[in-house]
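A closer look at the structure
Chain by chain, the residues:
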Amino acid sequence: MITLSQRLLVFYDGDCRLCTAAMRMLKKRDKKKRIAWMSFRNPMVMKAYRLKDKHPEERIYAIDTKKRRDFTGIYTVREIAKQIPAYWIAVPFIQIAIFLGVGHQLYDFIAKRRHLFPVGKCKDDHCRIS
């Protein structure tokens, strides 16, 4: 459920330890609760928000709920930084990286090398995959 104060709806990979850890850290710093987080690995989320054609498994995907705009990859990172005052200092650098074309490359480099493990579903060296 999205509240009125939440401006950005971010779909992250709930099976990715890096993604989940980043989401938790960002959620703690989002004191004004401007961002709503949803794992696209939930089939109901995937269907309700029609994410299949957005390819969130390749790049993080977000929707600005006020302006009705969507973002992927490095653009989502920039929008997240805009919502959390602690990260405002990073916004110009992200924008410069986008302008220079290295923002997309850096984002894709990291995204393609993340390891997918079912978070919270591993016990005794075995992971349950849904």
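Refer to the structure presented above.
**Description of the sheet that holds strand S3 (residues 61-64)**
Overall, mixed pairing links the 4 strands, which are arranged S2-S1-S3-S4 in an open sheet. The open sheet has two free edges, formed respectively by strand S2 (35-39) and strand S4 (69-72), since each of these has just one partner strand. Neighbour-to-neighbour, the strand axes of the sheet open up by a mean angle of 20°, direction not taken into account. This element, helix H3 (residues 74-83), spans strand S1 (8-12), S2, S3 and S4 of the sheet and lies at about 115° to S4.

**Observations concerning the side chain of Asp64**
Along the chain, the position of Asp64 falls in strand S3. In this structure Asp64 comes out as buried when scored by relative accessible area, which is 3%. Engagement of the side chain of Asp64 in a polar contact is seen with the backbone nitrogen of Lys66, the distance being 2.9 Å. Once residues lying within four places of it in the same chain are set aside, the contact partners of Asp64 are Arg7, Leu8, Arg69 and Phe71.

**Points about the packing of H3 against helix H4 (residues 91-100)**
In contact at an axis separation of 9 Å, H3 and H4 are set at 165° when each is read in the N-to-C sense. The orientation of H3 relative to H4 falls into the category roughly antiparallel. The handedness of the crossing between H3 and H4 comes out as left-handed. Across the interface between the two elements, Ile74, Tyr75, Val77, Arg78, Ala81 and Lys82 from H3 touch Val91, Ile94, Gln95 and Ile98 from H4. Looking at side-chain class alone, the contact of H3 with H4 contains 7 nonpolar, 1 polar and 2 charged residues.

**Some points on the packing of H4 against helix H5 (residues 102-113)**
At a closest axis distance of 5 Å, the pairing of H4 and H5 adopts a crossing angle of 100°. Classed by the angle they form, the pair H4 and H5 counts as roughly perpendicular. Where H4 abuts H5, its residues Ala97, Ile98 and Leu100 lie against Val102, Gly103 and His104. Considered class by class, the residues forming the contact of H4 with H5 number 4 nonpolar, 2 polar and no charged.

**Structural notes on H4**
Restricting attention to buried positions, one finds in H4 the residues Val91, Ile94, Ala97 and Ile98. Viewed along the axis of H4, the buried residues span an arc of 125°, placing them on a single side of the element. Projecting away from the buried face of H4 at angles above 90 degrees are the exposed residues Phe93, Phe99 and Leu100. Check the buried side of H4 and you find it contacts H3 and H5. Immediately beyond the C-terminal end of H4, within one or two residues, lies Gly101, with a positive phi of roughly 90°.

What counts, and at which threshold
Residues numbered from 1 in each chain as written. Predicted model: local features only at pLDDT ≥ 70, side-chain atom pairs only at ≥ 80, totals over all residues. Heavy atoms only, no water. Pairing = 2+ DSSP bridges. Helix = DSSP H or I, 4+ residues; strand = E, 2+ residues; numbered from the N terminus. Axes fitted to C-alpha atoms, helices over the stretch in contact; angles between N-to-C directions. Contact = heavy atoms within 4.5 Å. Buried < 20%, exposed > 50% of the residue type's maximum accessible area, 1.4 Å probe, protein only. Polar contact = N/O pair within 3.5 Å; in protein donor to acceptor, adjacent residues only side chain to side chain. Parallel < 35°, antiparallel > 145°, perpendicular 65-115°, else oblique. Left-handed = near helix turned anticlockwise from the far one by under 90°. Nonpolar A, V, L, I, M, F, W, Y, C, P; charged D, E, K, R; others polar. Arc of directions from axis to C-beta.

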